[in-house]
Amino acid sequence: MNRLYHVPLSPFCRKVRLTLAEKKIEVELVEERYWEPSPDFLRRNPAGKVPVLRMDGRVLSESQAICEYLEEIVPAPPLLPRDPDARYEVRRLCAWFDDKFQSEVTSKLLYERVNKKVTGQGYPDSKNVKAGSTRIKYHLDYMAWLLDQRRWLAGDVMTLADFTAAAHLSCLDYISDVDWNRHAVLKDWYAKIKSRPSFRTLLADQVSGFPPAAHYADLDF
């Protein structure tokens, strides 16, 4: 059985989970306390990070590398376009969310509100929370601008860019940190992603001590 070592509210793990589910690759989910790395886990990934995917005798790490590997071995349904320019745009947006959005928003809100308590690192830093709450507005506006010109974030078809963005926003939506009323086009986009069968296991996630927002699993939010 394939195994994915993960934590529920990790956007990087969620991106891989969505890709696996979309490609109908069965996997056993194993929660990993990466902040207390065991020797076994460090042997799987010396970087001490999740996600880690054990598949067909291979041990794979780093979410973008894992997703592109899955795209190579299971090309249908495609999550990366064949056209080089379109493929570049998908990769650019994946990096946008996994780097810029992660640094400016996810780490400032999710890490401060949830991860610090779960990992025993203290209380939220109000300055970081305020900064994340301010910066997310800029990112939501940018996403809405993209969606005003395209059917999906990177073009006319759903791609890994959409799953990467949805992975981050779904974590923040769990703690009710996304203003879905800011842009109707963005809410419609997320509703389409949220209603996909591949999203169901994410909507069932529960983190001890942190119940999800009331609307989190509601498809008609």
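Residues numbered from 1 in each chain as written. Predicted model: local features only at pLDDT ≥ 70, side-chain atom pairs only at ≥ 80, totals over all residues. Heavy atoms only, no water.

(A) Expanded view of the overall build of the protein. Helix and strand counts for the protein stand at eight helices and four strands. Taking 221 residues into account, the globule formula puts the C-alpha radius of gyration at 17 Å, and the protein, at 17 Å, falls close to it. Considering the protein as a whole, with its 221 residues, one finds that 49% of them fall into the buried category. Expressed as a percentage of contacts within the protein between residues at least 6 apart in sequence, the contacts between residues at least 24 apart total 69%. Total accessible area computed for the protein in this model is approximately 10900 Å², and 51% of it derives from carbon and sulfur atoms. (Helix = DSSP H or I, 4+ residues; strand = E, 2+ residues; numbered from the N terminus. Rg over C-alpha atoms; globule rule 2.2 N^0.38 Å. Buried < 20%, exposed > 50% of the residue type's maximum accessible area, 1.4 Å probe, protein only. Contact = heavy atoms within 4.5 Å. Areas by Shrake-Rupley, 256 points an atom, 1.4 Å probe, with all protein chains shown as cover.)

(B) Focus on the side chain of Asn115. Along the chain, Asn115 falls in helix H4 (residues 84-118). Not counting the four nearest positions on each side in its chain, Asn115 is found in contact with Tyr34 and Leu110.

(C) Broad picture of the pairing of strand S3 (residues 52-55). Pairing of strand S1 (residues 3-6) with S3 involves three bridges; the strand directions are antiparallel. Bridged to Leu4 within S3 is Leu53. Of the pairings in the sheet, the one linking S3 to strand S4 (residues 58-61) comprises four bridges and is antiparallel in character. Each bridged residue has a counterpart across the sheet, and for Arg54 the counterpart in S4 is Val59. The loop that links S3 with its antiparallel partner S4 comprises two residues; one of these, Asp56, has a positive phi angle of about 50°. (Pairing = 2+ DSSP bridges.)

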